[in-house]
Amino acid sequence: MSYPETPLPENHNEFRSDTFTTPTESMIRSVGFASVSDSVYNEDADTKALEKKVADIMGYEAGLYCVSGTLSNQIALRSHLKQPPHSIICDYRGHVYVHEAGGLATLSQAMVTDIKPSNGLYLTLEDIVERYTPDDGNIHAAPTKVVSLENTLHGLVYPIEEIKRISNWCHANGLLIHLDGARIWDASIASGVPFKEYGKYFDSISVCLSKGVGAPIGSVLVGSETFIKKANHFKKQNGGGIRQCGMLCRMASIAIDENFPKMKQAHLLAKEVADYCEDLGLILEIPCQSNFIFLDPLKNNINPSLLSVIGEKYNIKMSMFRLSFSFQTSRVAVDNLKLALKELKETAENNPYYSKKAFGMYQSGNREE
Ligand SMILES: Cc1ncc(COP(=O)(O)O)c(C=O)c1O
Ligand SMILES: C[C@@H](O)[C@H](N)C(=O)O
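Model, not experiment: these values are computed from the prediction.

Quick notes on the rules
Residues numbered from 1 in each chain as written. Chains lettered and ligands numbered in written order. Predicted model: local features only at pLDDT ≥ 70, side-chain atom pairs only at ≥ 80, totals over all residues. Heavy atoms only, no water. UniProt positions renumbered as here; feature names shortened; annotations may be inferred. Helix = DSSP H or I, 4+ residues; strand = E, 2+ residues; numbered from the N terminus. Buried < 20%, exposed > 50% of the residue type's maximum accessible area, 1.4 Å probe, protein only. Contact = heavy atoms within 4.5 Å.

A. Looking closely at the UniProt feature "domain: Aromatic amino acid beta-eliminating lyase/threonine aldolase" (unreviewed entry) in the protein. Here, UniProt's "domain: Aromatic amino acid beta-eliminating lyase/threonine aldolase" (unreviewed entry) annotation points to residues 14–294. The distance from the first to the last C-alpha atom of residues 14–294 is 15 Å, and the span holds 42% helix and 15% strand.

B. Layout of unusual backbone geometry. Following Pro-84, the chain continues into Pro-85 via a peptide bond in cis, with omega recorded as 0 degrees. Of note, the bond from Asn-151 into Thr-152 is cis; its omega dihedral lies within 30 degrees of zero at 0 degrees. You will see that His-154, though not glycine, has its phi angle at about 50 degrees, which is positive. Considering the arrangement of structural elements, one finds His-154 in the loop between β4 (144–150) and α7 (160–172). Positioned with a positive phi, Asn-315 is a non-glycine residue whose angle comes to about 60 degrees. Its location among the elements puts Asn-315 in the loop between α13 (305–313) and β9 (322–324). Since its relative accessible area comes to 45%, Asn-315 is described here as partly exposed.

C. Quick look at the UniProt feature "modified residue: N6-(pyridoxal phosphate)lysine" (unreviewed entry) in the protein. Within the UniProt annotation, "modified residue: N6-(pyridoxal phosphate)lysine" (unreviewed entry) is assigned to Lys-211. Secondary-structure assignment places Lys-211 in the loop between β6 (204–208) and β7 (219–223). The class for Lys-211 is buried, based on a relative accessible area of 12%. When sequence neighbours within four positions are dropped, the list of residues in contact with Lys-211 reads Asp-18, Thr-19, Thr-21, Ala-182 and Arg-183.

See below:
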């Protein structure tokens, strides 16, 4: 059987998610020189090098390569959570709660106190204190043991001062604090806060490499040596033990070196389109602070089933009220996106769509009303 060469994609017209970033030529070429030892035995050089690299960048003792951010988050929280009954606190939009298939219930037997930020953007210490469950012997309760934050969350950048307040309170009250840092790269770019500054305040961070950074697969969980050793146990338990993953880790390491410096471009394009949306009179659900735009799913009276249809007409991929930008988003695609948004706005003005409720996060409303 012949395997024809597949050319790398050139025109990145993908606005559904930054998970669609693709390996660059230099990343792919590097695979031939990668180490090929068994990383379950912790003997693979490129795997260990990537784990150390990310741990050093974030300011932690150790790192653990995981095949996904979901696995990384869930084994982190499982490692922090010891003895049920217990619960975690997170934002009601938190990926660990909304998009990880109930892993907290199954792997950690944990309850979730999901909180809607009183400021509409990010959880404050006051939001958390108001809802946390103390471990005071009340046998009706599932005490809060971990606060899990996300930065960025829906592209929103968490203010470092609030992170500091929450972290100090957690540690003063016997709680641990985890960060879903799937887009910590974007958070640092947008805020100017160094990675090691974030690293001061969390007991663990899950760092995705397969989104804005552009690695094909994987995340690195960072924390203390003891924590990572236990997390690795849960990683193996859940089928996450990977054999010759040096090839993936070498690509990821190159992605950090070569693509991270280009990620600011995604933020600039997102801001350009956000400004264009406002000029059109399209309402944003939340401010554009990094590489995402969230159009309001109700106030614009746009029929969500038109998103992919009009997107296809202008040769772009979109299907949700969230628009995602990456370092690979092309200029042509952005110009076509603007044409699509203009037509969506005109269509909504001529034939407004009234929905009874907002649709699920990231979801278009292709459901029957
Ligand atoms: C904020 C956030 N955390 C975690 C994940 C999980 O990453 P993965 O898709 O690799 O499981 C995602 C999505 O990919 C995400 O957007
Ligand atoms: C859908 C979600 O899991 C994914 N992380 C995204 O942001 O596209």
